[in-house]
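# Structural overview for review
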Amino acid sequence: MSRTIDAVVSPTQTNTIPADISGQMLDLDEDDDLEVFSKDSTLADGNMFNASMPTSPGSMVNQCKFEEDEESDSKDIFITVDNPESHVTAIETFITYRVLTKTTRSEFDNSEYEVRRRYQDFLWLKGKLEDTHSTLIVHPLPEKFVVKGMVERFNGDFIETRRKALHKFLNRVADHPILSCSEDFKVFLSAQAWELTTYKKQGPGFLSRMGETVRAVANSVRGVKNRPEEFTAIQEYVEDFSNKIGSLDKVTQRIVKEQKEYLEELKEYGPTYTLWSGSEEELAEQLKGVAGCIERCCKETEEQVGHLSDTLVPVLHEYVLCAETLKAVLRRRDNIQAEFEAKNEALATKKVDRDAESSDLGFVWGSLLGKNPEEARHQRQERLDGEIEELKEEIDKLEDRVEWANNALKGDWGRWQRSMRGDLKSAFLSTAEKNVDYYEKCLAVWETFLLSQRTEPSEETDRDNTP
Amino acid sequence: MMADSGPEEIAVIGNTDLTSAELENNIKNTMVEIEKWTSLLRKMEISVGEAEKRTGKNTVNMQEIYTVYLIETRPVDAVTEGIIPAPDSLWRRYSEFELLRNYLLVTYPFVVVAPLPEKRAEIVWHKLSADNMDPDFVERRRVGLENFLLRLACHPVLCNDKIFYIFLTEEKGWKEMVYETGFQAKADSRLKAMNAAFRVKNPDKRFTELKHYSDELQTVVSQLLRVRARVADRLYGVYKVHGNYGRVFSEWSAIEKEMGDGLQSAGHHMDAYAASVDDILEEEEHYADQLKEYLFYTEALRAVCRKHELTQFELEMAAQDLASKKQQKEELVTGTVRTFSLKGMTSKLFGQETAEQREAKLQVLEQQIEEGEEAVKEKNTESDEFVKTAWIDIEHFKDQKDRDLKEALISYAIMQISRCKKGIQVWTNAKECFNKM
C-alpha cells in the first residue's frame, strides 16, 4: 500500500507531514538519530538554501547528468531526499527525511512514492544490502556523529550535510545494477512507516544471526591461505588509498580552519583604515577606499570557505568512509574463501580417517562391547563415507559461493574505481574553479580602486595649478 | 623612493643601478627645476650600500658584535663628464645615526626631523625573525637608513648642516666634533623640558591640533600595523598548508593509473602556490615599513609641538614676571598694598621702611622692569620666529606625508593585484591538471 502523489512535487513545496507518524514513535531500539535539535519545524527550510539540489524527482529528470553519467541514458528511477523535520516525543527527538521516488520499473506497483525515513532506517537498509550482497561495494552512509567537531552536531549545517549524504547514498544504490533490484531497497522506498517496521522484524532470527557471526569470527581468525593475487593487489591499493584519502581529508579540514582564522583577522583589518581616515583630510577618501576593498574581499573569502566546506570536504570524507567499506568487503570475501578452505581441510582429514587402519583402541573398545571387529570396522566406514558425501555437497556450494563472491567483487571494483575517479575529479575541479573565481573577484575589486586613484589628478600637477 | 625636496619631484638617486643616460636625464631634470631652497642632493648622490658585521669592545669593555653600514657619496657633477668615478665611502653604525639625529633634533627644534628605522624589529609576524642579526631585518634597516639620509639631504634647512655633511664624508673624528658642539648640554635640558609638566595659557591653536593629530595618527597606525601583521601570519598559514596537497597528491599519483599524471602535476602547482607566499609577504613588509616611518614621525611632530609649548611657556612666564614687577613698583610708589605680599606683612609687623630704603627698592625694580621688558621682547620674537619657521616645516611635512602615503596605498593595491593574478594562474593550472584526471 502506498500513497500516490497527484502532481509532480514542486521545489517549493515543504512541510508535508505524513498523516501517521505513530510508527516512528515506537522505534526505540537505536539512538542513532536521537539528536536534540531545536524544536523548530522551520528546519524544513533546509532545502531552500540549496538551490542547486533538485528538490523533487521531477526536477531531477533534467539534472540526471550531474549524477552518474554511465546510467543517465537508461535511468529509470529518480530519488530525492529532502525536507528534514524534527519529531518530538516524550522519550526522544529525532529527524525524519522525506524520500521521494519516481520510477518506471515494473517491480514497483506505482510510479511514485513518498515516504518519511529516519537515519536508523537507512542504517537498516545498508545492513541488509551488505548481508545479502556481502562482496558488493555499498556506498557509505554519513556517520552517526561527527567526532571531530568540525561540524556542530545540532545545527542546520549538520542536518543539511547529512541530508545530502543520504540522498547520495540512495542514488548510488539505485544506480547499482544489482543492489537496486534488492527487495529490501524496494520496501525501503515504498513502504509506509508501520509496514517497514513489520518488514524489518522478519528475516533470520537472533540465534541464527549469532551463529553466522560466530562463524565469521572463526573464519577471520583462521585467515585465508590462498588468496588470489588480484585481490591481494586490491587490498594493497585500498591500504594506500585509505592513507592518502585520510591525509587529504585532514589537509582540507586544516585549510578550512586556516582560512576561517584568516577571515577573522581580515574582518578587523578593514576597519583600521576607516578609523585612520577619520584623522585625515587629503588621505581620507583613499583610506576609505582601501577599507572598502578589504571588506569586499572579506565577503569573497567567506564565500570561498563556504564552498570548500560544502563541496570538497564532504566528498573527501565520503571516500574516507568508502575506504573502510572496501576493507570490510575484502575481509568478507576472504572469510568466504576461508570457510571454503576450512571445509576442504576437514574433508581431507575425514578421508584420511576413513582410509586409515582402525586404531587398536577402537578395536579394543569394540570388542569390549561385544562387537564383531569386522562389523565395527564396516559400520565406521559407512559412517565416514556418509559424512564425506555431506561435506562434498557443502564444499560444492561453498565453491560456488566463493566464485560468485569473487566475480561480484571484481565487477564492482571496476565500477567503484570509475565512480571514485569521477567524484574526486569533479570535487577538485569545482574547488579549483571556485578559487579562480575568488581571485578574479578580488582582482576586480583592487583594480577598480586603482583605477579610481589614477584618474584623479596627481598631487604634482595640482600644485602647479592651485595658487 | 620616498624622499623629495620641496614642491617638485627631483630624481632621487639612491641605491639603484641607473644607466649613465638615465643619470644624465635625472640630473637634467634636477637642474631644470628652480627651487627656493638649496638641496644637498643637487650636489651629491648618497647611498647606503652594504652592511657588515664587526666585533669590538663596548663601553663596559665586553665583546660585542654589531653591524656597520657603508655610506657612499659621489658629487653629482662628476657624472656629467661622462666618467663615473668611484664613490667616496665610509662605515657607520646605527648608534652614530642616532647621535646625528639627536644632534639635529636639539639644534633645529623647529624642524620635523625624519625618524630612524627601528632599532629592533617590533611589530612582526611570526615568520619574521625579531633578531637584529637576521639578514632580512638588516637589509630592511639598510633601506631605512638610506631613506633617512635622503630625507635629511632633501630638507632645505638640514641639508646645509656641517655636522651632517661631515657625517657623510669623514669617518674619523666625527663623533668628537659632535660632542664639541656642546649639543649634549642642550640635549639634556631639552630632555628635561620634554618630561616637565607645565601648563601653557595661550598656546597656538594650530600646535594643539597638531599634537592631537599626531597622537591619533600614532594610535591608528600602530593598530593598523598590528592587525596587518596578524593577517599576514594567517595568510602564511593558508598558503603553506596547501603545500601538503603537493606531497599527498604526489604520493597518491603513484598508486593510480589513470589519475596519476593529473594528480602529479596538480601537486606541483600546489607546491608553487605554497612557496609563492614568501615573496608576497616580503613585499608587503616594505609597505609596512613605509607606514612605520610615519608612525615614528609622530614623535618628531610631538617634539616640535612640545618645543612650541616650552617657548610659549617661557614667554608667558617672562610676561608674568614683568607684570608682577610692575605691580610691585606701583605699590611702592603709591604706598598701597593691593596684593598680599611678604613685604606688606613685614612692614605691618615691623613698621614702615624709610624713604631711602624705598628709593633703593624702586631703583632695583625699575632696573628689573627694564630687563624684564627686554626679556619679554626677546621671548616674543623667539616665539614668533619659532612658530613661523616651524609651521613652514610642518606644512611641508604634511604635503610630503600625503604624497608618500598616497603612493604607499597605491603600491599596496598593486601588491594585492599581483597576488590575485598569481592565484588565478596557479588555480587555473591546477584546474587543467584536475581535468586530466
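Since the structure is predicted, the reported quantities are computational estimates derived from the model, not experimental observations. (Residues numbered from 1 in each chain as written. Chains lettered and ligands numbered in written order. Predicted model: local features only at pLDDT ≥ 70, side-chain atom pairs only at ≥ 80, totals over all residues. Heavy atoms only, no water.)

Along its length, chain A carries 13 helices and three strands. Across the 467 residues that make up chain A, the buried fraction comes to 47%. About 23700 Å² of surface is accessible on chain A, with carbon and sulfur atoms providing 53% of the total. (Helix = DSSP H or I, 4+ residues; strand = E, 2+ residues; numbered from the N terminus. Buried < 20%, exposed > 50% of the residue type's maximum accessible area, 1.4 Å probe, protein only. Areas by Shrake-Rupley, 256 points an atom, 1.4 Å probe, with all protein chains shown as cover.)

Counting residues at the interface gives 55 residues for chain A and 56 residues for chain B. Summed over both partners, the interface of chain A with chain B buries about 5700 Å², with 71% contributed by carbon and sulfur atoms. Broken down residue by residue, the surface that chain A buries against chain B is led by Tyr269, Trp276 and Tyr439 of chain A, which jointly contribute 13%. Inspection of the chain A/chain B interface yields 17 residue pairs in polar contact (both at pLDDT 80 or more). (Contact = heavy atoms within 4.5 Å. Buried area = accessible area lost by both parts, 1.4 Å probe. Polar contact = N/O pair within 3.5 Å; in protein donor to acceptor, adjacent residues only side chain to side chain.)

On the surface, Glu389, Glu390, Glu393, Asp396, Glu399, Asp400 and Glu403 of chain A cluster together into a negatively charged patch. Residue position: Glu390 of chain A is located in helix 12 (residues 373-454). (Patch = residues over 30% accessible without salt bridge, like charges linked within 9 Å, V, L, I, M, F, W, Y side chains within 5 Å. Salt bridge = Lys/Arg side-chain N within 4 Å of Asp/Glu carboxyl O. Lys, Arg positive; Asp, Glu negative; His and termini not counted. Charge placed at Lys NZ, Arg CZ, Asp CG, Glu CD.)

With that settled, consider the pattern of salt bridges. All names here are of chain A. On inspection of all chains with the given rule, the structure shows 60 salt bridges over all chains. Two residues, Glu303 and Lys434, come together in a salt bridge whose shortest N-O distance is 2.8 Å. Of this pair, Glu303 sits in helix 10 (residues 284-355) while Lys434 sits in helix 12; the two residues are 131 residues apart in sequence, bridging distant segments of the chain. A residue is classified by how much of its surface remains accessible, and Glu303, at 44% relative accessible area, is partly exposed. For Lys434, a relative accessible area of 13% gives the class buried.

How big an interface is tends to be reported as the loss of accessible area on association of its parts. Residue and element names in this part refer to chain A. Structurally, chain A comprises domain 1 (73-203) and domain 2 (228-359 + 371-453). One C-alpha centre belongs to domain 1, the other to domain 2; they are set 20 Å apart. Taken residue by residue, the interface counts 20 residues in domain 1 and 25 residues in domain 2. Of the roughly 2000 Å² buried at the junction of domain 1 and domain 2 (both faces included), carbon and sulfur atoms supply 57%. The tally of links from domain 1 across to domain 2 stands at three salt bridges. (Domains from an automatic or database assignment.)

Residues and elements named next belong to chain B. Residues at a pLDDT of 70 or more form 81% of chain B, whose mean pLDDT is 83. The secondary structure element of chain B with the lowest average pLDDT is helix 1 (residues 20-32), at 50, and the one with the highest is helix 9 (residues 205-253), at 95. In the predicted structure, residues 1-16 sits below a pLDDT of 50 and forms 47 contacts with residues beyond four places in sequence or in another chain. Overall, residues 27-38 carries pLDDT values under 50, and its contacts beyond four positions in sequence, including any with other chains, amount to 19 contacts. With a pTM of 0.78, the predicted complex shows an ipTM of 0.82. (pLDDT = per-residue confidence, 0-100.)

Taking the UniProt record as the reference, the feature "coiled-coil region" (unreviewed entry) is found at residues 381-408 of chain A. Taken end to end, residues 381-408 of chain A is 100% helix and 0% strand, and its two terminal C-alpha atoms sit 40 Å from one another. (UniProt positions renumbered as here; feature names shortened; annotations may be inferred.)

A few words on unusual backbone geometry. All names here are of chain A. The backbone of Asn83 sits at a positive phi, close to 55°, despite the residue not being glycine. Here Asn83 shows up in strand 1 (residues 77-88). Exposure remark for Asn83: the relative accessible area of 0% places this residue in the buried category.

Once that is clear, we can look at the sheet that holds strand 2 (residues 93-103) of chain A. Residues and elements named next belong to chain A. If you walk across this open sheet you meet the three strands as 1-2-3, and the pairing is antiparallel. Of all the strands in the sheet, the pair left with one neighbour each is strand 1 and strand 3 (112-118). Strand-to-strand twist in this sheet, taken as the mean axis angle between neighbours without regard to direction, amounts to 20°. Sheet topology note: the strand 2/strand 3 ladder contains seven bridges and is antiparallel. Within the sheet, the bridge partner assigned to Lys102 lies in strand 3 and is Glu112. Contacts between helix 4 (residues 119-132) and the sheet are confined to strand 2 and strand 3, with strand 3 contributing the most and set at about 105° to the helix. Helix 6 (residues 183-190) contacts strand 1, strand 2 and strand 3 of the sheet and is inclined by roughly 90° relative to strand 3. (Pairing = 2+ DSSP bridges. Axes fitted to C-alpha atoms, helices over the stretch in contact; angles between N-to-C directions.)

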